[in-house]
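If you want the building blocks of each chain, they are given just below.
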Amino acid sequence: MAEQKNILFETKDGILYLTISRESKLNALNFNTLEELKNIFNEVNDNKSIRGVIITGAGDKAFVAGADINEISELNELNARKFAEFGQEVFEIIESCHKPVVAVVNGYALGGGCELAIACHMRIATTNAKFGQPEVNLGLIPGYGGTQRLTHLIGRTKATEILMTGDMLDANEAKALGLLNHVEATKEEAIAKAEEILKKIMSKAPLSIGMIVDCVNAVFANDENGYQIEANSFARCVKSEDYREGTKAFLEKRKPNFKGE
């Protein structure tokens, strides 16, 4: 994996650890950082040695505090549309990744940072985490899919309130609304929880995990028949070597040795 300017990465025991590293800017997402995320996740999808991903932000203050205001302030109508569409493209790649992606949120996850977190498959936060879409304070709205994903996750009524007021949610409020999987006291404990979940998932059949991503995403796609995608994916699983290994191991009362084939 090529070296990146704004994102630190390390791979250990099949898990890719990504750290948005613009701490002096509270890890705000600029165009270059989004481009780096896109390049990384395009590689993740094709790299069999990577079985799961953890995304976090550098430092103690922020996961990602938003998009880069310096870039936003220079937008006009034409390039604003392209700006939003590019962010949506990157976050869709993350959401569609066939490897489980967990956001570990420490501190602020606002604007584009909240949108990045909710594009991940799961979210674990520390008790000091704050979530919000404060774009209305700038005369804007979320542009990277926040109006859509937040509504899917927590429902129309509460999402509308948060989007219109720009109010922030603390970690406990976010968990109660279904935005979070777990809340931990410290960043270290949150990362440990993410590792625990990923290691459990990594013991399962990789092809099945990827197809679950497709099926769950189909629930929210108006142009997709989710039940048909589920049936097609089920049939594809039955064609796989992992299916044969899984059923054989069950009958032989042993742990399966899945290879993603």
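What counts, and where the lines are drawn
Residues numbered from 1 in each chain as written. Predicted model: local features only at pLDDT ≥ 70, side-chain atom pairs only at ≥ 80, totals over all residues. Heavy atoms only, no water. UniProt positions renumbered as here; feature names shortened; annotations may be inferred. Pairing = 2+ DSSP bridges. Helix = DSSP H or I, 4+ residues; strand = E, 2+ residues; numbered from the N terminus. Salt bridge = Lys/Arg side-chain N within 4 Å of Asp/Glu carboxyl O. Buried < 20%, exposed > 50% of the residue type's maximum accessible area, 1.4 Å probe, protein only. Axes fitted to C-alpha atoms, helices over the stretch in contact; angles between N-to-C directions. Domains from an automatic or database assignment. Contact = heavy atoms within 4.5 Å. Buried area = accessible area lost by both parts, 1.4 Å probe.

In the annotation of an unreviewed UniProt entry, the entry for the protein reads Enoyl-CoA hydratase, and the organism field reads Cyclobacterium xiamenense. UniProt, in the comment section headed Sequence similarities (unreviewed entry), describes the protein in these words: "Belongs to the enoyl-CoA hydratase/isomerase family."

Draft legend 1. Up close: the sheet that holds strand β6 (residues 108–110). Pairing is mixed in the open sheet, where 4 strands are placed in the order β4-β6-β8-β9. A single partner strand is all that each edge strand has here, and the edge strands are β4 (62–64) and β9 (169–170). Bridge analysis of strand β8 (residues 130–132) against β9 gives 2 bridges, and the strand direction is antiparallel. Counterpart to K130 in the pairing with β9 is D170.

Draft legend 2. Structural detail: the pattern of salt bridges. What the rule picks out here adds up to 9 salt bridges. Between K38 and E89 there is a salt bridge, with the nearest N and O atoms lying 2.8 Å from each other. Separated by 51 residues along the polypeptide, K38 in helix α1 (residues 31–46) and E89 in helix α3 (residues 77–95) bring together distant segments of the chain. Residue K38 is classed as partly exposed on the basis of its relative accessible area, which comes to 22%. R244 is paired through a salt bridge with E241; the nearest N and O atoms lie 3.2 Å apart. One end of the pair, R244, and the other, E241, are both in helix α11 (residues 241–251), 3 residues apart, so they sit about a helical turn from each other. Through salt bridges with shared partners, one network takes in E245, E252 and R254.

Draft legend 3. Region of the structure containing unusual backbone geometry. We note that L26 has phi near 55°; this positive angle belongs to a residue other than glycine. Exposure remark for L26: the relative accessible area of 32% places this residue in the partly exposed category. Within the chain, N27 stands out as a residue other than glycine whose phi angle is a positive 60°. By secondary structure assignment, the location of N27 is in the loop between β2 (15–20) and α1. Assessed through its relative accessible area of 1%, N27 is described here as buried.

Draft legend 4. Examining the sheet that holds strand β3 (residues 52–57) more closely. Strand order across the open sheet formed by 6 strands is β1-β2-β3-β5-β7-β10, with mixed pairing between neighbours. The outermost strands of the open sheet, each flanked by one partner alone, are β1 (7–12) and β10 (182–184). In this sheet, adjacent strand axes meet at a mean angle of 20° when their direction is disregarded. Here β3 pairs with strand β5 (residues 101–105) via 3 bridges, running parallel. Each bridged residue has a counterpart across the sheet, and for I55 the counterpart in β5 is A103.

Draft legend 5. Fine view of the domain arrangement of the protein. Taken domain by domain, the protein consists of domain 1 (7–202) and domain 2 (204–252). For domain 1 and domain 2, the distance between their C-alpha centroids amounts to 26 Å. Taken together, the contacts link 11 residues of domain 1 with 8 residues of domain 2. For the pairing of domain 1 and domain 2, the buried interface totals around 790 Å² over both sides, and the portion due to carbon and sulfur atoms is 56%.

Draft legend 6. Layout of the environment of K187. Structurally, K187 is set in helix α8 (residues 187–202). In this structure the C-alpha to C-alpha distance between K187 and G139, which are 48 residues apart in sequence, comes to 33 Å. Discounting residues that sit within four places of it in the chain, K187 has contacts with T56, G57, A58, G59, V104, N106 and T126.

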